Amino acid sequence: MFFVAALSILVALSLAVARALMGPTVFDRVLAANTIGTLSILLLAVVGFMTGRPEFLDIGLTYGLLNLIGTMAVLKFFRHGDLSYDDKDTKKNT
Amino acid sequence: MTEILLYLSWVLIAVGSFFIVIGAFGIFRLPDVFTRIHAAGVIDTVGAAFLLTGLGLNVEFGLVTVKLLMIFLLFFFSSPVATHALAQAALADGIHPVAEDLREVKTVAADKSDKDDV
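Read on for a plain summary of the structure. Keep in mind that what you see is a predicted model, and the values were worked out from it rather than measured. (Residues numbered from 1 in each chain as written. Chains lettered and ligands numbered in written order. Predicted model: local features only at pLDDT ≥ 70, side-chain atom pairs only at ≥ 80, totals over all residues.)

Details of the nonpolar core
Among the nonpolar cores identified, the biggest contains 45 residues, and Leu31(A), Leu42(A), Ala45(A), Leu51(B) and Leu86(B) are the most heavily contacted of them. Listing elements by their share of this core, those giving two or more residues are helix H1 (2–22), helix H2 (26–50) and helix H3 (56–80) of chain A together with helix H1 (2–29), helix H2 (33–58) and helix H3 (63–92) of chain B. Of all the elements, H2(B) adds the most residues to this core, at 12 residues. When near neighbours in sequence (up to four residues on either side) are disregarded, Leu31(A) contacts Val33(B), Arg36(B), Ile37(B), Ala40(B) and Leu86(B). (Core = buried A, V, L, I, M, F, W, Y, C linked by C-beta atoms within 7 Å. Buried ≥ 20, exposed ≤ 12 C-beta atoms within 10 Å, placed from the backbone. Helix = DSSP H or I, 4+ residues; strand = E, 2+ residues; numbered from the N terminus. Contact = placed C-beta atoms within 7 Å.)

Here it is as structure tokens:
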């Protein structure tokens, strides 16, 4: 059953990669990248169970935190054009 | 008792895998960003939750179960934040939701049928 789960996650990964390549907007690509990160964590967990080494879960946890920060950084850059954008600064200046 | 838990974990893993494939299919097939976010939500909530619960029931209670719970909590909090920011950024960028066009078409059609009745 672990094998079936890993296989279905791989199928889902290939569909997400296809969406990331097709676009058409940058937000589709960000969404696909986020989904690829989620699916990688799940694949890491399943493969860890399949090979009898659940220590892989630590790697998945770390990757999840990095995934969230990466997504937020890319979105902030495309929305404000600046990674150090702060709402308070603009209010002070205007 | 452990036999029952093992069978339950297989069922949960199968259901989770099913929903993961459904969600990925939605990301591939649906027409615009906002509808695709909806499909991605299926993977992050139902798919991941069922799969991780199934994995957790598959082992004895211990450190592994706690780690699975931590991954589940991470998904529980980070997925809504990411999708909300994504929808906000897409709206701020001026992307028009397809669903609104569909609603307009429907109301126009409804108005027309009302006039026909009169």
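Here the narrative resumes.
Quick word on the interface of chain A and chain B
Interface size is commonly expressed as the accessible area that is lost once the parts come together. If you look at the interface, chain A gives 36 residues, while chain B gives 34 residues. Where the side of chain A that touches chain B is concerned, the elements lending two or more residues are H1, H2 and H3 of chain A. No other element matches H2(A), which puts 12 residues into the side of chain A that touches chain B. When its residues are assigned to classes, the side of chain A that touches chain B shows 24 nonpolar, 8 polar and 4 charged. (Nonpolar A, V, L, I, M, F, W, Y, C, P; charged D, E, K, R; others polar.)

Comments concerning the packing of H1(A) against H1(B)
The geometry of H1(A) relative to H1(B) is characterised by a closest axis approach of 9 Å and an angle of 10 degrees between their N-to-C directions. By the angle class used here, H1(A) and H1(B) are roughly parallel. For the pair H1(A) and H1(B), contact is made by Val4(A), Ala5(A), Ser8(A), Ile9(A), Val11(A), Ala12(A), Leu15(A), Ala16(A), Ala18(A) and Arg19(A) and by Ile13(B), Ala14(B), Ser17(B), Ile20(B), Val21(B), Ala24(B), Phe25(B), Ile27(B) and Phe28(B), respectively. Per-class residue counts for the contact of H1(A) with H1(B) are 16 nonpolar, 2 polar and 1 charged. (Axes fitted to C-alpha atoms, helices over the stretch in contact; angles between N-to-C directions. Parallel < 35°, antiparallel > 145°, perpendicular 65-115°, else oblique.)

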